[in-house]
Amino acid sequence: MAATPIAVITGASSGIGAATARTLASAGFRVVLTARRKDRIEALAAELTEAGHQATAYALDVTDRAAVDEFATAFRSLAVLVNNAGGALGADPVATGDPADWRQMYETNVIGTLNVTQALLPALTASGDGTIVILSSTAALSAYEGGGGYVAAKHGEHVLAETLRLEIVGTPVRVIEVAPGMVRTEEFATTRFRGDTEKAAKVYAGVDAPLTAEDVADTIGWAVTRPSHVNIDLLVVRPRAQASNTKVHRTL
Ligand code: 8X3
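So, here is what we can say about the structure in this document.

Considerations on the overall build of the protein
Looking only at helices and strands, one finds 8 helices and 7 strands in the protein. Across its three principal directions, the C-alpha atoms of the protein cover 55 × 40 × 35 Å. Scored against the burial criterion, the 252 residues of the protein give a buried share of 49%. Of the contacts formed within the protein by residues at least 6 apart in sequence, a portion of 72% connects residues at least 24 apart. Of the roughly 11900 Å² that the protein leaves accessible, carbon and sulfur atoms contribute 54%. A distance of 3 Å separates the average location of the 22 positive side-chain charges in the protein from that of its 27 negative side-chain charges.

Structure, rendered in structure tokens:
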């Protein structure tokens, strides 16, 4: 009997990462959940195991290269890596944005993805059929006012995906970039505004049905389960009420 294919998901403690873990577990993968918050991923792994899936949790900070390398030693063969860990900090104009925020966003979104991808690429290649998913954002594709360091970091992640795809063509690994627009999750906007829930709520005010974490997980699950020779290079997904990063219909 063939071994159950393994999927590693970073940032699996909440939002899109947790929803993706659920989706891929249901699709038949043994999911390995990673995030800094051990209690959360352990609870999700226990819930999935209870439901009859195969799931384990591993506390990991993707910006800690030594820890990432140590984690990667557990895998000789890996089917799927979902680089989801990342996020936004602040929505200040370029003129006044805090360089520390810019640095941290580059570190988590770009270097974090680079660390985990580099460390697991040998195992993905050894599987003979590997898939790397990079969760960027519509902020990776065009700028918006106040997007600042997040737009810059996500553009960096987009370039990482594009460059890697060019460099590893001919190997049995595909690179899929999923770029979501407005997604309402429990933490994204609240983290961006440093716990200011009022400001966070305004992001979604009057928007009829922003995407949910499950919507995005569904697109990831679809892309990952296409036949091996099909590479969904870039999948942009927005709510119907959002036509661009700056054109959102609000019923206010
Ligand atoms: C999230 C989309 O519009 O906040 O990646 O940049 S946005």
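Don't stop here, the text continues.
As for the side chain of histidine 158
Following the sequence through the fold, histidine 158 ends up in helix H5 (residues 148–167). Take histidine 158: its relative accessible area is 15%, and that puts it in the buried class. Separated by 2.7 Å, the side chains of histidine 158 and glutamate 177 make a polar contact. The contact partners of histidine 158, leaving out residues within four places of it in the chain, are Ala140, Leu141 and Glu177.

A word on empty space enclosed by the protein
Unoccupied space between atoms shows up once a probe the size of one water molecule is rolled over them. With the rule as written, the count across this model stands at 1 cavity of 30 Å³ or more. By volume, the largest cavity is sized at about 60 Å³. The wall of the largest cavity is formed by 14 residues, among which Leu89, Gly90, Asp92, Trp102 and Gly149 lie closest to the centre. Each residue belonging to the lining of the largest cavity can be placed in one class, and the counts come to 5 nonpolar, 6 polar and 3 charged.

Concerning the site of the ligand
Neighbouring residues of the ligand: Ser137, Ala139, Tyr144, Tyr150, Gly181, Phe188 and Arg192. Residue arginine 192 places a side-chain N or O atom 3.4 Å away from an oxygen atom belonging to the ligand. Against a free-state accessible area of 240 Å², the protein chains account for coverage of 82% of the ligand. Residue composition of the shell around the ligand, by class: 4 nonpolar, 2 polar and 1 charged.

Section: the side chain of glutamine 242
Relative to the assigned elements, glutamine 242 resides in the segment after strand E7 (234–237). Excluding residues that lie within four positions of it along the chain, glutamine 242 makes contacts with Gly181, Met182, Lys247 and Val248.

Overview of the layout of surface pockets
What the second largest pocket holds in volume is close to 260 Å³. As for the second largest pocket, its lining consists of 17 residues, of which Pro5, Ile6, Leu78, Ala79 and Asp129 are closest to the centre. Residue composition of the lining of the second largest pocket, grouped by class: 8 nonpolar, 6 polar and 3 charged.

A few points about the packing of helix H1 (residues 15–26) against helix H2 (residues 38–50)
Contact geometry for H1 and H2: axes closest at 11 Å, N-to-C directions at 20 degrees. What the angle tells us is that H1 and H2 run roughly parallel. Crossing angle aside, the handedness with which H1 passes H2 is right-handed. Counted together, Ala18, Ala21, Arg22 and Ala25 of H1 and Leu44, Glu47 and Leu48 of H2 form the full contact between these two elements. The residue inventory of the contact of H1 with H2, partitioned by class, reads 5 nonpolar, no polar and 2 charged.

What counts, and at which threshold
Residues numbered from 1 in each chain as written. Predicted model: local features only at pLDDT ≥ 70, side-chain atom pairs only at ≥ 80, totals over all residues. Heavy atoms only, no water. Helix = DSSP H or I, 4+ residues; strand = E, 2+ residues; numbered from the N terminus. Buried < 20%, exposed > 50% of the residue type's maximum accessible area, 1.4 Å probe, protein only. Contact = heavy atoms within 4.5 Å. Areas by Shrake-Rupley, 256 points an atom, 1.4 Å probe, with all protein chains shown as cover. Lys, Arg positive; Asp, Glu negative; His and termini not counted. Charge placed at Lys NZ, Arg CZ, Asp CG, Glu CD. Polar contact = N/O pair within 3.5 Å; in protein donor to acceptor, adjacent residues only side chain to side chain. 1 Å grid on protein atoms, 1.4 Å probe; cavity = no way out; pocket = protein on both sides within 12 Å on 5 of 7 lines; lining within 4 Å. Points joined across faces, edges and corners; volume = space filled by probe spheres on them. Nonpolar A, V, L, I, M, F, W, Y, C, P; charged D, E, K, R; others polar. Near = heavy atom within 4 Å. Axes fitted to C-alpha atoms, helices over the stretch in contact; angles between N-to-C directions. Parallel < 35°, antiparallel > 145°, perpendicular 65-115°, else oblique. Left-handed = near helix turned anticlockwise from the far one by under 90°.

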